[in-house]
Amino acid sequence: MKIGYIGLGKMGLAMVKRLLEQGHEVVATDPDEAARKEAAAIGAATIANISEFRDTLPGEKFIWIMVPHQIVDSVLNELKSLLNQGDVVIDGGNSNYKETVRRAAEFNACGLVYMDVGVSGGPNGARNGACMMVGGPRDKFDKYQQLFRDLSVKDGYSYMGEAGAGHFVKMIHNGIEYGMMQAIGEGFEILKASAFDLNLTEITRVYNHGSVIESRLIGWLQQAYREGNEDLTAISGEVSHSGEGQWTVEEAKDCRVSATETRVIPVPVIEAALQFRIDSARNPSYTGQVVSALRNQFGGHIVSKAED
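All of the points below concern the structure found in this document.

1. Structural notes on the overall build of the protein chain
For step 1, the next point in the chain: Secondary structure summary: the protein chain contains 14 helices and ten strands in total.
For step 2, the next point in the chain: A globule of 308 residues ought to have a C-alpha radius of gyration of about 19 Å, and the protein chain, at 21 Å, matches this closely.
For step 3, the next point in the chain: The proportion of buried residues among the 308 residues of the protein chain is 49%.
For step 4, the next point in the chain: Taking contacts inside the protein chain between residues at least 6 apart in sequence as the whole, the part at least 24 apart equals 67%.
For step 5, the next point in the chain: Accessible surface, the protein chain as shown: approximately 14,700 Å² in total, 52% of it carbon and sulfur.
For step 6, the next point in the chain: Between the averaged position of the 30 positive side-chain charges in the protein chain and that of its 40 negative side-chain charges there is a distance of 3 Å.

The structure is reproduced here in structure tokens:
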């Protein structure tokens, strides 16, 4: 395929590299000239601004956007003037699913196709095979299924449902992630504070060989300990939080279970994990350092104390 790509941050550039390796042609753009040069260096065609897609993507256009959710609408407004009926735009970022539903309806009214893909796995997944949750018209998913297969880890993608479903499933994924990371952080703070002389790095190794809590998260904590030290002295105890955890909690308080009915679904674990992150700005802790270390390992988030 020949693919237009907007957004060359950590995730976007990694995904462009994978697309090129899988034999796709990519025309990429980003406001950052340095990012465009890096994309060009690995074989992508680059353009300075979105309007140039008009000439560089003839025929039916297929454009993937990988930008922060706050600027999706401004990017779409630029795109609409150069799109033709049947053209496809995919939002692979972490957008609020309600906004995705709205955008899809607006696109559909213009004869355009809007799809959403929840992408999990961080920059490493984008580079080496991600987990993808796809929303949008089923016929378009079927048409472009090879693309999703090329971008995903083996068996790591599926069709979730109509537009918005992909971002909805990814939103809940991130809410669950909050709770899992919080439990690991709390458990390891207890282990560290114990009167026993415990080797936390060795504990992560053992936990990750056949235990019930064996997981990539435990593996990433082991890596963080090996890269630094068990005190995590270079890691901040203040934990940032993305919109997705907040959106999950808000959705639980007003969950649409049918076209006419909503109800409250208790989510005490996810809500407490979100509140911990909010409170950590005033009350940094070792639990926070563990959670921050995990965020750095899988997402490349800046979590050093120097950035506090």
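2. Quick word on the pairing of strand 7 (residues 130–135)
For step 1, the next point in the chain: Burial analysis of strand 7 places five of its six residues in the buried class, which makes it a mostly covered element.
For step 2, the next point in the chain: Relative to strand 8 (residues 152–161), strand 7 is paired through five bridges, and the arrangement is parallel. When the bridges of strand 8 are listed, valine 134 appears paired with tyrosine 159.

3. Points about the sheet that holds strand 4 (residues 62–65)
For step 1, the next point in the chain: If you trace the eight strands from one edge of the open sheet to the other, you get 3-2-1-4-5-6-7-8, paired in mixed fashion. Edge positions in the sheet fall to strand 3 (45–46) and strand 8, since each of these pairs with one other strand and no more.
For step 2, the next point in the chain: Direction of pairing for strand 1 (residues 2–6) relative to strand 2 (residues 25–29): parallel, over a ladder of five bridges. Within strand 2, the position partnered with glycine 4 by the bridge is valine 27.
For step 3, the next point in the chain: Strands strand 5 (88–91) and strand 6 (113–120) of the sheet are contacted by helix 5 (residues 97–109), whose axis makes an angle of about 150° with strand 6.

4. Details of helix 4 (residues 72–80)
Since the α-helix advances by 3.6 residues per turn, residues separated by three or four positions end up pointing in the same direction.
For step 1, the next point in the chain: By the burial criterion, the buried members of helix 4 are Val72, Val75, Leu76 and Leu79. Within helix 4, the buried residues cover an arc of 100° as seen down the axis, which keeps them to one side.
For step 2, the next point in the chain: Turning to helix 4, the residues buried within the fold contact strand 1, helix 3 (53–56), strand 4, strand 5, helix 5 and strand 6.

5. Brief notes about the side chain of serine 280
For step 1, the next point in the chain: Here serine 280 is to be found in the loop between helix 13 (268–279) and helix 14 (286–299).
For step 2, the next point in the chain: Look past the residues within four positions of serine 280 in its chain and what remains in contact with it is Gly237, Glu238 and Val239.

6. Section: the packing of aromatic side chains
For step 1, the next point in the chain: For the structure on display, the rule yields ten aromatic pairs.
For step 2, the next point in the chain: Measuring from ring centre to ring centre gives 6.5 Å for tyrosine 5 and tryptophan 64, while their planes differ by 5°; the resulting arrangement is stacked. Of this pair, tyrosine 5 sits in strand 1 while tryptophan 64 is found in strand 4, placing the two residues 59 residues apart along the sequence.
For step 3, the next point in the chain: According to the relative accessible area criterion, tyrosine 5 is buried, its value standing at 0%.
For step 4, the next point in the chain: By relative accessible area, which is 2% here, tryptophan 64 ends up buried.
For step 5, the next point in the chain: An aromatic cluster of three or more residues is present, and its members are Phe141, Phe148, Tyr157 and Tyr159.
For step 6, the next point in the chain: Here the guanidinium or amino end of lysine 192 rests over the ring plane of tyrosine 286, the centre of that ring lying 5.1 Å away.
For step 7, the next point in the chain: The side chain of arginine 277 reaches across the aromatic face of tyrosine 178, ending 3.7 Å from its centre.

Conventions and cut-offs
- Residue positions are given per chain, counting from 1 as you read along its sequence in written order.
- Only residues with pLDDT of at least 70 are given local features in this predicted model, and only at 80 or more are side-chain atom pairs given and counted; all residues enter the totals for whole chains, interfaces and linings.
- The side-chain figures draw on all heavy atoms in the structure; neither hydrogens nor water molecules are used.
- In this text, helices come from DSSP runs of H or I with a minimum length of four residues, and strands from runs of E with a minimum of two, each type numbered from the N-terminal end.
- For the radius of gyration, the atoms used are the C-alpha atoms, and the globule rule reads 2.2 Å times the number of residues raised to 0.38.
- Burial classes follow relative accessibility: with a 1.4 Å probe on protein chains only, a residue under 20% of its type's maximum area counts as buried, one over 50% as exposed, and anything between as partly exposed.
- In this description, contact between two residues means that some pair of their heavy atoms is separated by no more than 4.5 Å.
- What sets the accessible areas is the Shrake-Rupley method with a 1.4 Å probe; for residues, cover comes only from the shown protein chains.
- His residues and chain termini do not enter the charge count, which takes Lys and Arg as positive and Asp and Glu as negative.
- Just so you know, the charge point we use is NZ for Lys, CZ for Arg, CG for Asp and CD for Glu.
- Strands are treated as partners if at least two bridges between them are detected by DSSP.
- Helix axes are fitted to C-alpha atoms over the stretch in contact, other axes to C-alpha atoms as well, and angles between N-to-C directions run from 0 to 180 degrees.
- The arc in question is formed by the directions pointing from the helix axis toward the C-beta atoms.
- Pairing of aromatic side chains requires ring centres within 6.5 Å, counting the rings of Phe and Tyr and the six-membered ring of Trp. Pairs whose planes differ by under 30 degrees are stacked, by over 60 edge-to-face, and all others tilted.
- Either the NZ atom of lysine or the CZ atom of arginine qualifies as a charge over a ring when it sits within 6 Å of the ring centre and within 35 degrees of the ring normal.

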